[in-house]
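For reference, the chains in residue letters:
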Amino acid sequence: MANINRRKFLQMAGLGGLAASMPYAATWGSQTKARVVVLGGGTGGAIAARYVKALDPSIDVTIIEANPQYTTCYMSNWVLAEMRDLDSLTHGYDNVKKRGINVIIDAATRIDTEGQQVLTAGGQSVPYDRLIVSPGVDFRWGAIEGYDAAAAEILPHAWKAGPQTVLLQEQVRNMRQGGVVAIVAPPNPFRCPPGPYERAALIANYLKRHNPTAKIVIYDAKDAFSKQGLFQAGWARHYPDMIEWIGAFQSGGGIKRVDPSAMTLHTDFDDLNADVINVIPPQTAGQIAIDSGLTDDSGWCPVNYRDLQSTIASNVHIIGDSMVSSALPKSGYIAASTAKVAAVAVVDHVNGREPGTPSYFNTCYSLLTPEHSISVSGVYKVAVTDGEQAIVGVGDSVAVSPADADDSFQNREARYAASWYDNLVDQGFG
Ligand SMILES: Cc1cc2nc3c(=O)[nH]c(=O)nc-3n(C[C@H](O)[C@H](O)[C@H](O)COP(=O)(O)OP(=O)(O)OC[C@H]3O[C@@H](n4cnc5c(N)ncnc54)[C@H](O)[C@@H]3O)c2cc1C
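Summarised in this report is the structure supplied together with it. All values derive from a computational prediction rather than experimental measurement.

**A few points about the packing of aromatic side chains**
Moving on, step 1. Applying the stated criterion across every chain, the model contains 15 aromatic pairs.
Moving on, step 2. Centre to centre, the rings of Tyr-197 and Phe-225 are 3.9 Å apart; their planes meet at 15 degrees, and the pair counts as stacked. Taken as a pair, Tyr-197 in helix α7 (residues 195–210) and Phe-225 in the loop between β12 (215–220) and α8 (228–238) lie far apart in primary sequence, 28 residues in all.
Moving on, step 3. Relative accessible area serves as the criterion here: at 8%, Phe-225 is assigned to the buried category.
Moving on, step 4. Seen from their ring centres, Phe-225 and Trp-235 are 5.9 Å apart, and the 25 degrees between their planes marks the pair as stacked. One end of the pair, Phe-225, is in the loop between β12 and α8; the other, Trp-235, is in helix α8, with ten residues separating them in the sequence.

**Topic: the sheet that holds strand β6 (residues 108–112)**
Moving on, step 1. As summarised here, the arrangement of the three strands in space is β6-β7-β8, forming an open sheet in which the pairing is antiparallel. Each of the sheet's edge strands pairs with one partner strand only, and the pair in question is β6 and β8 (125–127). Neighbouring strand axes in the sheet, compared pairwise and without regard to direction, differ in orientation by 20 degrees on average.
Moving on, step 2. Two strands pair when backbone bridges link them, and β6 and strand β7 (residues 117–120) are joined in this way by four bridges, in the antiparallel orientation.

**Focus on the nonpolar core**
Nonpolar side chains tend toward joint burial in soluble globular proteins.
Moving on, step 1. Among the nonpolar cores identified, the biggest contains 72 residues, and Leu-131, Leu-294 and Leu-308 are the most heavily contacted of them.
Moving on, step 2. When residues of this core are assigned to their parent elements, the largest contribution, eight residues, is made by helix α11 (residues 332–350).
Moving on, step 3. Setting aside residues no more than four positions away along its own chain, Leu-131 makes contact with Val-37, Leu-39, Ile-111, Val-118, Asn-315, Val-316 and His-317.

**What about the site of the ligand?**
Moving on, step 1. Close contacts around the ligand come from 35 residues, with Glu-65, Tyr-70, Ser-134, Arg-191 and Gly-332 the closest.
Moving on, step 2. The separation between an oxygen atom of the ligand and a polar side-chain atom of Ser-134 is 2.8 Å.
Moving on, step 3. In the complex, 92% of the free accessible area of the ligand, which totals 1,000 Å², lies under the protein chains.
Moving on, step 4. Secondary-structure elements contributing two or more residues to the shell around the ligand are α3 (43–55), β2 (60–65), α4 (76–80), α11 and β22 (359–369).
Moving on, step 5. Counting residues per element, the shell around the ligand draws most heavily on α11, which supplies three residues.
Moving on, step 6. For the shell around the ligand, the per-class residue count stands at 17 nonpolar, twelve polar and six charged.

Calculation criteria
- Residues numbered from 1 in each chain as written.
- Predicted model: local features only at pLDDT ≥ 70, side-chain atom pairs only at ≥ 80, totals over all residues.
- Heavy atoms only, no water.
- Phe/Tyr/Trp six-rings, centres within 6.5 Å; stacked < 30°, edge-to-face > 60°.
- Helix = DSSP H or I, 4+ residues; strand = E, 2+ residues; numbered from the N terminus.
- Buried < 20%, exposed > 50% of the residue type's maximum accessible area, 1.4 Å probe, protein only.
- Pairing = 2+ DSSP bridges.
- Axes fitted to C-alpha atoms, helices over the stretch in contact; angles between N-to-C directions.
- Core = buried A, V, L, I, M, F, W, Y, C linked by side-chain atoms within 4.5 Å.
- Contact = heavy atoms within 4.5 Å.
- Near = heavy atom within 4 Å.
- Polar contact = N/O pair within 3.5 Å; in protein donor to acceptor, adjacent residues only side chain to side chain.
- Areas by Shrake-Rupley, 256 points an atom, 1.4 Å probe, with all protein chains shown as cover.
- Nonpolar A, V, L, I, M, F, W, Y, C, P; charged D, E, K, R; others polar.

Spelled out as structure tokens, the structure:
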């Protein structure tokens, strides 16, 4: 029966219907060393799956992903400056499957951490020996009064790339001459700390060409932000008087309420109007992590930073934006770095080895214009103080690009940003 697969055999035996209705568990091969399931086939999940399979091909690796295609958030700000379109940021799973990784397109509804299985909206139950969870972020709807999923159709967040990005782009394009774009920036921690400020620069880049008397106002829930000095110098140089940043200390704690029908924003002191309002709301771990009891009071998933195992559930590893980040930024590059650490740890555990001590790496470029970029990078390690684990930067490795960088330096960084994208996407989807 060597060339007859199991489904064919069951069909021949008149049991084909049984095979179709059996839980996914029944289709595992008997030669499998271990079953590793990856929940979420975005940046972290796709890379983790690839590394597990590459490190130990005998492991059966399955991704469960809600959508048939993945659109990267990174570079979605570039769409606003007409530098890229969304199609060029969208990637399918054909190459993933070619590597011998199973891909189930279905939304996970719950992780049964006791029974070690993932339940899906499509009625499947997918068993695992080890689970890697990478569902990204979800939003704290209602944390800003009046801002919920319906309001986001009028005041887009554009913080998950796709139709929301297009909606924001169209609103900016259709804005009256001399209009105001408001960006509501979230409190820490959130996905992509420099993202709102790169967004301001790239919307300004579009407006400078098409609507030069328009203004952008950023209402921040924080008193400081990533690469602040570099951004503010870049805004002043490339878009003089166009971008204003209002920190929480100036507004009494940021935006507290929105009224989409009146297009107004409210602080404790003021009522503010704008023509386009981009609300980037406060964030949590992906909803599936919350629903499955993997989060703590912070709304994020606590982990052991040595192998990224959940401190709440056994044999579950959390990577990417959903984990309690400590000093790590919630970035695509960190999602990749945590994916590799988790992959090595999972393969070690499966093979009865103790995982080694990891390092984590970040590199993130932010465009000021299509030709000028600034960057931040860093190497991180696990530190234990008074029995408490944390992530800390190694020496002075965590640094931004120089304030006095000349044009040729920033031009080079803009080119590096494009190749950074190709490399990162290739790790998961190439
Ligand atoms: C505007 C913007 C710009 C950015 N720019 C940069 C940048 O320049 N550099 C950088 O490093 N980072 C950047 N980022 C951050 C980066 O996109 C994220 O940090 C990264 O995508 C996190 O990876 P992840 O795997 O944790 O989540 P994601 O990449 O979001 O993947 C999560 C996946 O899980 C799936 N999923 C969720 N729930 C379920 C479920 N219940 N069942 C099945 N599937 C599910 C989702 O469909 C998704 O495919 C940017 C983000 C934004 C918003």
